[in-house]
Amino acid sequence: MLFRSESVGFEISFQRHGLCPVIVRVTVRVTVRVTTFGLVQTPSFVEMYMPLEYLGLPPVASDRQARPFSPAVRAGDFIYVSGQVPADAQGEIVSGGIEAQTRQVMDNIKAVLALAGATLDDVCKCTCWLDDARDFGAFNRIYMSYFPNGRPARSTTEARLMVDAKVEIDVVAYKPKS
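Predicted, not measured: the structure shown is a model, and the values here were computed from it.

A. Spotlight on helix H1 (residues 97-114). Counted at 1.5 Å a residue, the expected span for H1 with its 18 residues is 26 Å, and the 26 Å between its end C-alpha atoms agrees. Among all positions of H1, only Ile98, Gln101, Thr102, Val105, Met106, Asn108, Ile109, Val112 and Leu113 are buried. The arc enclosing the buried residues of H1, seen along the axis, measures out at 155°, which places them on a common side. On its buried side, H1 packs onto strand S5 (72-75), strand S6 (78-84), strand S7 (123-130), helix H2 (136-145) and strand S9 (167-174).

As structure tokens, then:
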């Protein structure tokens, strides 16, 4: 055996300095010995700083109060989109059943992804919540039409939603910065 790994470590720490954004510090520690020749490589450290980018303004609901979250956050090449409900530009939940609400949610997701220069083609994971599991077939028909070029990984569950909506979806997209 030429190589033997002595230790591998991984550490993530979060730091906030005043009004600066959160900085993620990733340190990778590797020690490798080449036993055949007796050579030893000392520990090496690779550090990478990845500022979080908060995309968009917090949404305002029908009560005109800003919600305490960002529409999306970019961390490196990943974009995390907050759960989108079928709210129109005025913060009102659209009427019309699961089909109309699913279309509104998907259009909202497209708009938030555009803030990061991404599209639905960049989505790698969706988490979906339905207010009523009996809506699954109709939801699925509309949902699938938004992913003609490939289907991301997905979890779907039935849950009582926080607002009078039939569906909520959040996504994770991968879009390297240019």
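B. Quick look at the nonpolar core. Counting 27 residues, the largest nonpolar core has Ile79, Leu113 and Ile169 as its most contacted members. Within the residue set of this core, elements represented by two or more residues are S6, H1, S7, H2 and S9. Per element, the largest residue contribution to this core is six residues, and it comes from H1. Among all residues touching Ile79, those that are not within four sequence positions of it are Leu55, Ala72, Val73, Arg74, Leu113, Ala116, Ala118, Val171, Val172, Ala173 and Lys175.

C. Molecular detail of the side chain of Asp122. As for its position among the elements, Asp122 is in the loop between H1 and S7. One buried charged residue, Asp122, forms no salt bridge at all, with the nearest opposite charge on Lys175 at 4.1 Å. For Asp122, the side chain forms a polar contact with the main-chain nitrogen of Thr119, separated by 2.9 Å. With near-sequence residues (within four places) excluded, Asp122 lies in contact with Val172, Ala173, Tyr174 and Lys175.

D. Looking closely at the pattern of salt bridges. Taken as a whole and assessed by the stated rule, the structure comprises two salt bridges. As a salt-bridge pair, Glu53 and Lys177 come within 2.2 Å of each other at their nearest N and O atoms. Of this pair, Glu53 sits in strand S4 (residues 44-55) while Lys177 sits in the segment after S9, and the two are 124 residues apart along the sequence. Salt-bridge contacts for Arg134 lead to Asp132; the nearest nitrogen and oxygen are separated by 2.7 Å.

E. Representation of H2 within the structure. Those residues of H2 not exposed but buried are Ala138, Phe139, Asn140, Ile142 and Tyr143. Contacts from the buried residues of H2 go to H1, S7, strand S8 (153-158) and S9.

What counts and what doesn't
- Residues numbered from 1 in each chain as written.
- Predicted model: local features only at pLDDT ≥ 70, side-chain atom pairs only at ≥ 80, totals over all residues.
- Heavy atoms only, no water.
- Helix = DSSP H or I, 4+ residues; strand = E, 2+ residues; numbered from the N terminus.
- Expected span 1.5 Å × (residues − 1).
- Buried < 20%, exposed > 50% of the residue type's maximum accessible area, 1.4 Å probe, protein only.
- Arc of directions from axis to C-beta.
- Contact = heavy atoms within 4.5 Å.
- Core = buried A, V, L, I, M, F, W, Y, C linked by side-chain atoms within 4.5 Å.
- Lys, Arg positive; Asp, Glu negative; His and termini not counted.
- Salt bridge = Lys/Arg side-chain N within 4 Å of Asp/Glu carboxyl O.
- Polar contact = N/O pair within 3.5 Å; in protein donor to acceptor, adjacent residues only side chain to side chain.

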